[in-house]
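Here's the letter readout for the chains.
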Amino acid sequence: MSIQNIERRRFDALIIGAGGGGLRAALQLAEAEASVAVVSKVFPTRSHTVAAQGGMNAALANVLPDNWHWHMFDTVKGSDYLGDQDAIEYMCRAAPKVVYEMEHFGVPFSRLDNGKIYQRPFGGQSQNFGGDQAARTCAAADRTGHAILHSLYQQNIRAKTNFFDEYFAVDLLKDEAGNVLGAFVFNIHTGEELIIEAKTTLLATGGAGQLYRTTTNAMINTGDGMAMALRAGLPLQDMEFFQFHPTGIAGRGMLITEGARGEGGYLVNVKGERLMERYAPKAKDLASRDVVSRAIYTEVKEGRGCGPEQDHVMLKLDHLGTDVIQKRLPGIRQTCITFLGIDPAEHPIPVYPTAHYTMGGIPTDRFGRVVTPVKDTPEEVVNGLYAAGECACVSVHGANRLGGNSILDILVFGRAAANHIIDYLKDVRYHKPMDENSVDRAYERLHRWDRTGDGESVEQLRKDLKRTMEDNCGVFRTRDILENGVKEVHKLQERMKNARITDHSGLFNTARVEALELENLMDVALATVYSACARQESRGAHSRIDFPERNDIHWMKHTLFFRENCKLDFKPVRTKPLSVASFPPKARVY
Amino acid sequence: MSAPGLQGLRPWIVQRISAAFIAVFILYFTICIAQFEVFDFDHWQQWLALPFNNMAMALFIVAVLWHAWIGVRDVILDYVHPVVLRMFLFTLVMSVLVGSGLWGLRALFNLHVA
Amino acid sequence: MRFKIYRYNPETDKEPWMQEYRLDDIRPGMMLLDALLAIKEKDPTLGFRRSCKEGVCGSDGMNINGTNGLACITLLSDLKEPVEIRPLPRLPVIRDLIVDMEPFYKQYRDVKPYLTVKDPLPEVELKQSPDDRDKLDGLYECILCGCCTTSCPSFWWNPDKFLGPAALLQAARFIMDTRDQATGERLDALDDPFKLFRCHTIMNCVQVCPKGLNPTRAIGEIKKIMVKKSL
């Protein structure tokens, strides 16, 4: 189709991504009678929120004493003091309300005998600012993400949200002043392009776990929104912090929820020792994820791994009994039976740290507005653009996310962004004219893949990228490895320019979608290795062998990566909460 | 679109109640005839002349026909999609079933009168 | 290992056809989706949906050797050669193994699959006892993959009027939820010769459900509740 004939549609709000963040925002907007379009490259219930298992944190105090301030402390400590404390306070205070709302939307939470929502202990949780273990994670068995995503989609059906299912967003559209005015998308079924003009655009496209070879993430997690932001000239923040989940099924990557340890499971090495006693004497298996992942990595490296290759450790659940496992962890039991042929009620599960979560992302404030440095101002609002969830960096997770805080993040900030959009729409009554050059650029990006002839294959490049990231940007990092990573990713980007696809059909062309996704991954990979190379300290998930200590004097700041010339910038951490006293950095022990 | 007058739950219940009645009746009938050494037309008439048996047989005819109607109706709903053809078949089946029913009951009550 | 895969691109093919593929590098524990991804590396034109690779997103429902299932949790070692793969039956094919799921999603929307509470909502959670919550087990876990509905003969015969096992399972999920206050409306909406009562307990749905759910039993439960309500 020629560029002049592309259909244009207008909405108050465009939401890209239909996971928990996008759907929560869409629901809020639809109920406020804004016209909302939700664009998703998969049918909404296929979004990766569906795979979240353990639950969402909120200080409901249904099982053990709790309050939001303790939750806030744990989150700040978990973030290794890189999280922005205003946003963290906002999230922890909002958490109970957001959980109750989800319950009212129909989420089938597991229940306690008194009829209240069941809560389980998770890693990094404490009572009384670092005291006894807390039980803060609200769960629907081990299918909490599924329960939440389906309930949100169902409520959106009720609210009559406009869905553009299986549409792929190519790029953001802007005017010359830099206001974001919608997106250029295409219908995957038919190949037809569509320009969606929107007064506000919310990116809720999730993370980029597909950067790595072994990952708990779905194949759709290709950092699309992050790459769109980069191409729109905006930075990505704190991309060096990538979470490796301690318990992915070894060699395969399927997630075994932290809830398995919350319910009483523990890790053992080849000698049968509870290995976490050595690394976190107090919290043991419920230490923070970065701590547990490094512990497993170290055990294996020092020769105490299990299996013929001694390349993993074991997660023991059999002492919990079949009843607890069937009642509280039915999903992972099924996963183990399907993929390993073992029943965790009888045999331990082989596990190894596996790429899981992108802590970094598009910088936003606590209203979900995307912010970028302009001259001397570190955080200038980008008009019309919002981001929420894993693709965003508010930052509530800082250098390491606590288990149970990601579902909370998507719901709290999906909702907050929608509320801000509702206010913004009161002032911005009309669609602004867009810069047609931005349409041209998006059109060109899509149609670059119409080229025929010989060239590199997308499949090979994708494999090489994942291998490069795994080898050069894993759990432990050094300058040499990271510099090599930067070099290798640059090489891959050069090769990408010569890539071709052989399928040029308009109808459900998955080859073209995968090519566009790989382009997105390449940009996000570059942001990740550059940021990791720059940060000369160890903090949270970013462990530098050559800089083993945290350095609060020089590095208590956020990294910002820009695509243009791979420029890096930094901005201070917001250490001042909204109403309480700041939590100053302390040594982080569990 | 659902065909006019057709329902969901009621026929489903009727189908089950009629099935139960048919089963009970057949059992009763089998036990009864097993007690005769020979079972010819005269015995048959005598047996049916008893008011209880007569009523039960009348109910049985109604139950079988109603049950059949629901069963055939279901088959038509499953397999026959053109509306006109469906209506025609409904009419045909209904006529045959109602006709057989009237004929059966007439035979039953004539016998009683005789 | 040999595969025969249904191919159809309406842009270029007059009719659907079966393409044969061979894969030599079969590792133990390999799933059908792994094989399809390996085939797609060689032939990127092959179209199928996939995402989570572990049976929770419900993208890769297809007909495998005559039985519907999810490619990502079907072990190659359990399959007879040549493995014949076709799209889910009775839905319009968009391309290759990709079907248009819209009729299936419409059935889902038709049962109003959302919790309806008419009383004012409390500032905390609605209470529910563990026993009442247990009634939702086996109902809420559906991943909308479409395997059950597209294997159901009653759906093949009346795809536009019978709601199919997946949507009826969702109807049951809300009818059984003690928090829901639209039970009467839900039951009334199903009292129709087609929507629910085309189910003849053929039980193909139970046989194919990749999550081990039992829509036939759920449909039976709905009927029981309808009877109780009507008497």
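(A) Geometry of the overall build of chain B. Secondary structure summary: chain B contains four helices and zero strands in total. Beginning at the N terminus, the succession of helices and strands in chain B can be written as α-α-α-α. The C-alpha atoms of chain B give 17 Å as radius of gyration, which overshoots the globular expectation for 114 residues (13 Å, by more than 25%). The dimensions of chain B, computed from C-alpha atoms along their principal axes, are 55 × 25 × 20 Å. Expressed as a percentage of its 114 residues, the buried residues of chain B come to 34%. Long-range contacts, defined here as pairs at least 24 residues apart, represent 69% of the contacts in chain B between residues at least 6 apart. Entry remark: accessible area of chain B is about 7200 Å², with carbon and sulfur atoms responsible for 76%. On chain B, the mean spot of the 5 positive side-chain charges and the mean spot of the 5 negative ones are 21 Å from each other.

(B) Quick peek at a nonpolar patch on the surface. A cluster of nonpolar residues, Leu-85, Phe-88, Leu-92 and Val-96 of chain B, forms a patch on the protein surface that exposes about 380 Å² of accessible area. Topologically, Leu-85 of chain B is positioned in helix H4 (residues 83-113).

(C) Here's a closer look at the interface of chain C and chain A. On the side of chain A, 58 residues touch chain C, which itself brings 59 residues to the contact. For the pair chain C and chain A, the summed buried area comes to about 5000 Å², and 54% of that belongs to carbon and sulfur atoms. Of all residues in chain C, Glu-54, Glu-125 and Tyr-140 of chain C bury the most surface against chain A, accounting for 13% of the area lost on that side. Measuring nitrogen to oxygen at the nearest pair gives 2.6 Å for the salt bridge that ties Glu-166 of chain A to Arg-49 of chain C. Counting across the chain C and chain A interface gives 33 residue pairs in polar contact (both at pLDDT 80 or more). Breaking the side of chain C that touches chain A down by element, the ones donating at least two residues are helix H1 (32-42), strand E6 (93-95), helix H2 (102-110), helix H3 (130-134) and helix H5 (164-175) of chain C. It is H1 of chain C that contributes the most residues to the side of chain C that touches chain A, four residues altogether. A breakdown of the residues in the side of chain C that touches chain A according to their chemical character gives 31 nonpolar, ten polar and 18 charged.

(D) Local environment of the domain arrangement of chain C. Residue and element names in this part refer to chain C. For chain C, the domain assignment lists domain 1 (2-99) and domain 2 (102-230). Facing 15 residues of domain 1, the contacting portion of domain 2 comprises 14 residues. In total, domain 1 and domain 2 occlude about 1100 Å² of area from one another, counting both sides; carbon and sulfur atoms represent 67% of this. The largest contributions to the domain 1 side of the interface with domain 2 come from Asn-68, Arg-90 and Leu-91, which together make up 42% of the buried area. In this assembly, domain 1 and domain 2 are joined by zero salt bridges. Taken together, the links from domain 1 to domain 2 amount to four residue pairs in polar contact (both at pLDDT 80 or more). In terms of residue count, strand E4 (residues 67-70) provides more of the side of domain 1 that touches domain 2 than any other element does, four residues in total.

(E) Representation of the side chain of Gln-119 of chain A. Residue and element names in this part refer to chain A. Topologically, Gln-119 is positioned in strand E4 (residues 119-120). A relative accessible area of 2% places Gln-119 in the buried class. Only 3.0 Å separates the side chain of Gln-119 from the backbone nitrogen of Asn-62, close enough to count as a polar contact.

(F) Expanded view of the side chain of Asn-68 of chain C. Residue and element names in this part refer to chain C. Tracing the backbone shows Asn-68 in strand E4. Here the side chain of Asn-68 touches Cys-147 through a polar contact of 2.9 Å, landing on its backbone oxygen. What Asn-68 contacts, discounting residues up to four positions off in sequence, is Met-62, Asn-63, Leu-88, Pro-89, Cys-147, Thr-150, Ser-151 and Val-208.

(G) Inspection of the interface of chain B and chain C at higher detail. Opposite the 16 residues of chain B that make contact, chain C presents 14 residues. Carbon and sulfur atoms make up 61% of the surface buried where chain B meets chain C, a total of about 1400 Å² over both sides. The three residues of chain B that bury the most area against chain C are Leu-9, Trp-12 and Asp-78 of chain B, which together make up 41% of that side's buried surface. Counting across the interface, chain B meets chain C through two salt bridges. The residue Arg-198 of chain C makes a salt bridge to Asp-78 of chain B at a minimum N-O spacing of 3.1 Å. The interface formed by chain B and chain C contains eight residue pairs in polar contact (both at pLDDT 80 or more). Among the elements of the structure, helix H1 (9-34) and helix H3 (51-79) of chain B are those that each provide at least two residues to the side of chain B that touches chain C. With five residues, the single largest contributor to the side of chain B that touches chain C is H3 of chain B. For the side of chain B that touches chain C, the residue count by class is eight nonpolar, four polar and four charged.

(H) Main features of the sheet that holds strand E24 (residues 567-572) of chain A. Residue and element names in this part refer to chain A. As summarised here, the arrangement of the three strands in space is E10-E23-E24, forming an open sheet in which the pairing is antiparallel. A strand with exactly one partner marks an edge of an open sheet, and here the two such strands are strand E10 (236-237) and E24. The sheet contact formed by E10 and strand E23 (residues 557-562) spans two bridges and is antiparallel. In the strand pairing of E23, Gln-237 is matched with Leu-560. Against the sheet, helix H15 (residues 510-534) contacts E10, E23 and E24, and its axis sits at roughly 140° relative to E23.

(I) Representation of the packing of helix H3 (residues 85-104) of chain A against helix H11 (residues 406-427) of chain A within the structure. Residue and element names in this part refer to chain A. With their axes 9 Å apart at the nearest point, H3 and H11 run at an angle of 95° to one another. Taken together, the axis directions place H3 and H11 in an arrangement best described as roughly perpendicular. Taken together, the residues of H11 that come into contact with H3 (itself represented by Ala-87, Tyr-90, Met-91, Ala-94, Ala-95, Lys-97, Val-98, Glu-101 and Met-102) are Leu-408, Asp-409, Leu-411, Val-412, Phe-413, Arg-415 and Ala-416. Of the residues belonging to the contact of H3 with H11, the class tally is twelve nonpolar, no polar and four charged.

(J) Just H5 of chain C, in detail. The end-to-end C-alpha separation of H5 of chain C is 16 Å, in line with the 16 Å expected for twelve residues at 1.5 Å each. Counting buried positions along H5 of chain C yields twelve of twelve residues, so the element is predominantly enclosed. Along H5 of chain C, the residues classified as buried are Gly-164, Pro-165, Ala-166, Ala-167, Leu-168, Leu-169, Gln-170, Ala-171, Ala-172, Arg-173, Phe-174 and Ile-175 of chain C. The elements touched by buried residues of H5 of chain C are helix H4 (144-159) of chain A together with H2, helix H6 (183-190), helix H7 (204-208) and helix H8 (215-230) of chain C.

(K) Broad picture of the pattern of salt bridges. Taken as a whole and judged by the stated rule, the model has 75 salt bridges over all chains. Across the pair Arg-8 of chain A and Glu-197 of chain A runs a salt bridge whose closest N-O atoms are separated by 3.7 Å. Of this pair, Arg-8 of chain A sits in strand E1 (residues 7-16) while Glu-197 of chain A is found in strand E9 (residues 193-203), placing the two residues 189 residues apart along the sequence. Across the salt bridge formed by Lys-106 of chain C and Asp-110 of chain C, the nearest N and O atoms sit 3.0 Å from each other. In this pair, Lys-106 of chain C and Asp-110 of chain C both sit in helix H2, four residues apart, roughly one turn of the helix. A residue is classified by how much of its surface remains accessible, and Lys-106 of chain C, at 43% relative accessible area, is partly exposed. Residue Asp-110 of chain C is classed as partly exposed on the basis of its relative accessible area of 44%. Within this structure, Asp-80, Glu-240, Asp-290, Arg-294, Arg-535, Glu-537, Arg-539, Arg-550, Asp-552 and Arg-588 of chain A form a network of salt bridges that share partners.

(L) Here's a closer look at the packing of aromatic side chains. Counted by the stated rule, this structure contains 33 aromatic pairs over all chains. Judged by centre distance (5.9 Å) and plane angle (85°), the ring pair of Phe-73 of chain A and Phe-129 of chain A falls under edge-to-face. Here Phe-129 of chain A lies in the loop between E4 and strand E5 (137-138) and Phe-73 of chain A lies in helix H2 (residues 68-78), a separation of 56 residues in the sequence. According to the relative accessible area criterion, Phe-73 of chain A is buried, its value standing at 7%. Taken together, a centroid distance of 4.5 Å and an interplanar angle of 20° make the contact between Phe-25 of chain B and Phe-60 of chain B stacked. In this pair, Phe-25 of chain B sits in helix H1 while Phe-60 of chain B sits in helix H3, placing the two residues 35 residues apart along the sequence. Comparing Phe-25 of chain B with Phe-60 of chain B shows no difference in burial state: the two are buried. Through successive ring pairs, a cluster of aromatic residues spans Phe-21, Phe-25, Tyr-28, Phe-29, Phe-36, Phe-39, Trp-44, Trp-47, Phe-52 and Phe-60 of chain B.

(M) Region of the structure containing H2 of chain A. Residue and element names in this part refer to chain A. With nine of its eleven residues buried, H2 lies for the most part within the structure. Residue Asn-67 occupies the N-cap position of H2, its side-chain oxygen lying 2.7 Å from the main-chain nitrogen of His-69. The positive-phi residue at the C-terminal boundary of H2 is Asp-80, with phi of around 55°.

Basis of the calculations
- Residues numbered from 1 in each chain as written.
- Chains lettered and ligands numbered in written order.
- Predicted model: local features only at pLDDT ≥ 70, side-chain atom pairs only at ≥ 80, totals over all residues.
- Heavy atoms only, no water.
- Helix = DSSP H or I, 4+ residues; strand = E, 2+ residues; numbered from the N terminus.
- Rg over C-alpha atoms; globule rule 2.2 N^0.38 Å.
- Buried < 20%, exposed > 50% of the residue type's maximum accessible area, 1.4 Å probe, protein only.
- Contact = heavy atoms within 4.5 Å.
- Areas by Shrake-Rupley, 256 points an atom, 1.4 Å probe, with all protein chains shown as cover.
- Lys, Arg positive; Asp, Glu negative; His and termini not counted.
- Charge placed at Lys NZ, Arg CZ, Asp CG, Glu CD.
- Patch = residues over 30% accessible without salt bridge, like charges linked within 9 Å, V, L, I, M, F, W, Y side chains within 5 Å.
- Salt bridge = Lys/Arg side-chain N within 4 Å of Asp/Glu carboxyl O.
- Buried area = accessible area lost by both parts, 1.4 Å probe.
- Polar contact = N/O pair within 3.5 Å; in protein donor to acceptor, adjacent residues only side chain to side chain.
- Nonpolar A, V, L, I, M, F, W, Y, C, P; charged D, E, K, R; others polar.
- Domains from an automatic or database assignment.
- Pairing = 2+ DSSP bridges.
- Axes fitted to C-alpha atoms, helices over the stretch in contact; angles between N-to-C directions.
- Parallel < 35°, antiparallel > 145°, perpendicular 65-115°, else oblique.
- Expected span 1.5 Å × (residues − 1).
- Phe/Tyr/Trp six-rings, centres within 6.5 Å; stacked < 30°, edge-to-face > 60°.

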